[in-house]
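Understanding the architecture of this molecule
Listed below are the residues making up each chain.
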Amino acid sequence: MKWRAVIAALLMTLTLGAAGAVPGRDAYEIWLVDQSDSNGLTHGGYVHVYDGGEVTRRLSAARPAAVIDLAGATSSLCLAATGRNPVRPHMIVFNRTGTHAALAFVASGHVVIFDAASRRPLACVETETGAGGARQAHALWPTGDDRYLVIANQNGKKLERIRTDYASGTFTQEPAATLDLAGCTTPGGAPCQAPDLRPDNAPICPFIASDNGPVFVSLRGGGMFVVDWRATPMAILGEYDAAHVPANGCGFIEAKGAVFGDGGGGTPANLDQFSVFRVPRGGYSAANPPNTPAVERLFDDDAPERDAHGTAAGPRERYVWVGDRDGNVVEVFDGRTGARVNTVPLTSAYSADPTVDLFASSPDHGWVFASTRGPTPLSGDPHSSHGTDPGMLIVRMTDDGRSGEVRGLIPITNVDAAGAERADAHGIRVRPVH
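Residues numbered from 1 in each chain as written. Predicted model: local features only at pLDDT ≥ 70, side-chain atom pairs only at ≥ 80, totals over all residues. Heavy atoms only, no water.

**Re the pairing of strand β3 (residues 66–69)**
Burial of the side chains of β3 is restricted to one face: A66 and I68 are buried, whereas none of V67 and D69 on the reverse face is. Both strand β2 (residues 46–51) and β3 contribute to a ladder of four bridges, which runs antiparallel. Across the sheet, residue V47 finds its bridge partner in β3, namely I68. (Buried < 20%, exposed > 50% of the residue type's maximum accessible area, 1.4 Å probe, protein only. Helix = DSSP H or I, 4+ residues; strand = E, 2+ residues; numbered from the N terminus. Pairing = 2+ DSSP bridges.)

**Notes on the sheet that holds strand β23 (residues 329–334)**
Taken together, the four strands give an open sheet; going across it, the order is β21-β22-β23-β24, and neighbouring strands pair in antiparallel fashion. Two strands close off the open sheet at either side, each with one partner strand: β21 (308–313) and β24 (340–345). Strand-to-strand twist across the sheet, computed as the mean angle between neighbouring axes with direction ignored, equals 25°. The pairing of strand β22 (residues 319–324) with β23 spans six bridges and is classified as antiparallel. Each residue of the ladder has a partner; that of V320, found in β23, is F333. (Axes fitted to C-alpha atoms, helices over the stretch in contact; angles between N-to-C directions.)

**Topic: the sheet that holds strand β5 (residues 100–105)**
The strand order across the open sheet formed by four strands is β4-β5-β6-β7, and the pairing between neighbours is antiparallel. Pairing within the sheet leaves two strands with one partner each, and these edge strands are β4 (89–94) and β7 (120–126). The mean angle between the axes of side-by-side strands here comes to 20°, regardless of whether they run parallel or antiparallel. Where strand β6 (residues 110–115) meets β7, six bridges bridge the pair, whose relative direction is antiparallel. Bridge pairing links D115 to R120 in β7. The strands touched by helix α3 (residues 73–82) within the sheet are β5, β6 and β7, with β7 carrying the most contacts at an inclination of about 35°. (Contact = heavy atoms within 4.5 Å.)

**Side note on the state of the cysteines**
Under the counting rule described, the total for this entry stands at three disulfides. Linked covalently through their sulfurs, C78 and C124 form a disulfide whose S-S length is 2.1 Å. Here C78 and C124 share a disulfide; its torsion about the S-S bond, 100°, makes the bridge right-handed. Here C78 is found in helix α3, whereas its partner C124 is found in strand β7, with 46 residues between them in sequence. The exposure classification of C78 matches that of C124, with both residues buried. In this model C205 forms its disulfide with C250; the gap between the sulfur atoms is 2.0 Å. Looking along the S-S bond of the C205-C250 disulfide, the torsion reads about -60°, which is the left-handed sense. Of this pair, C205 sits in strand β13 (residues 203–208) while C250 sits in the loop between β16 (235–240) and β17 (253–255), and the two are 45 residues apart along the sequence. You can call C250 buried: its relative accessible area is 4%. (Disulfide = S-S within 2.5 Å.)

Laid out in structure tokens, this is it:
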């Protein structure tokens, strides 16, 4: 019967195609968010859903299995629930089991929860009005027990919480849990926001590690809070100032029991920066002095055209990738020692200026998918997010993640009536399909 095994192996090789792609052990989807408005409108946007196996087999030729036009049922739901349309979809996450997606709209401050299998929007919640009357939902993160979503209300300078009951389809905003990052006081008695400590406490990206411990919250002006999301209101367990944790971080990832984070440029006050640090996953207490446990700064580069943004981990967390949105490279760090060990170029025949923003990995961590920005980015000017080829870059990790090779780019497009390309890919996540 050995000949049957040989034939089966040959058929599998042919199925994988000339690219030699080996899909992850589990089936999965890739959800890519285009934060530009739905064509001809001033709200909405799109979510492109790809079959992971199709992407790694067909590479640049892969086409979406579905495209969700957020000006349809999603906008109708938000308009009915809040009286406003959702504007500029920005970040997307899935709950632990992958049954539901949550999408943050940064311009309007909406959060929409979807049934992932049917792509149907189930609930639309708006964040609170905060600092200066602002209301945003820049990013969000699910707790590991699927009880809550933690929301970064960026310009409102608030950390908010939504209770999630996915089984019953009930999603409840909890204002009593909100942490006012502009007006609060730290456990050590210092103001949460102050020019000499944390000059701009707009929360950028929250992150909860695999132990379902506290939420790490990066801040636009530098510094970081580590927060007990279970408390009501949510409570600060760790306070870090701008001298220890860099500004504009959006790229936490876990490796070898530590949490890696980045700090980048991208704002008029700080256009160029590439910083990487790590902190322990645990050991946080309101009784600790500030900046405890200690931050380990792994790499700092303030040279022009540098902007750290987005992270990924290789197989077995052996290596950590930190993207450079401006320099079109990935800096690679040893997951155990923290040492920088390689630089992987992301330019290729597929794009001379991909301007990668965020990363998502296949379940086996052998593939990395990156959102690539467009020529009309919605991040404002001056900014380092101007790209030439909006879509999704496909990168094969090699040598256990110590290196990698660009294998393709799937374009997206949204051309307006004047002929300008408005597509601007940003949020990207992988959803395991069981």
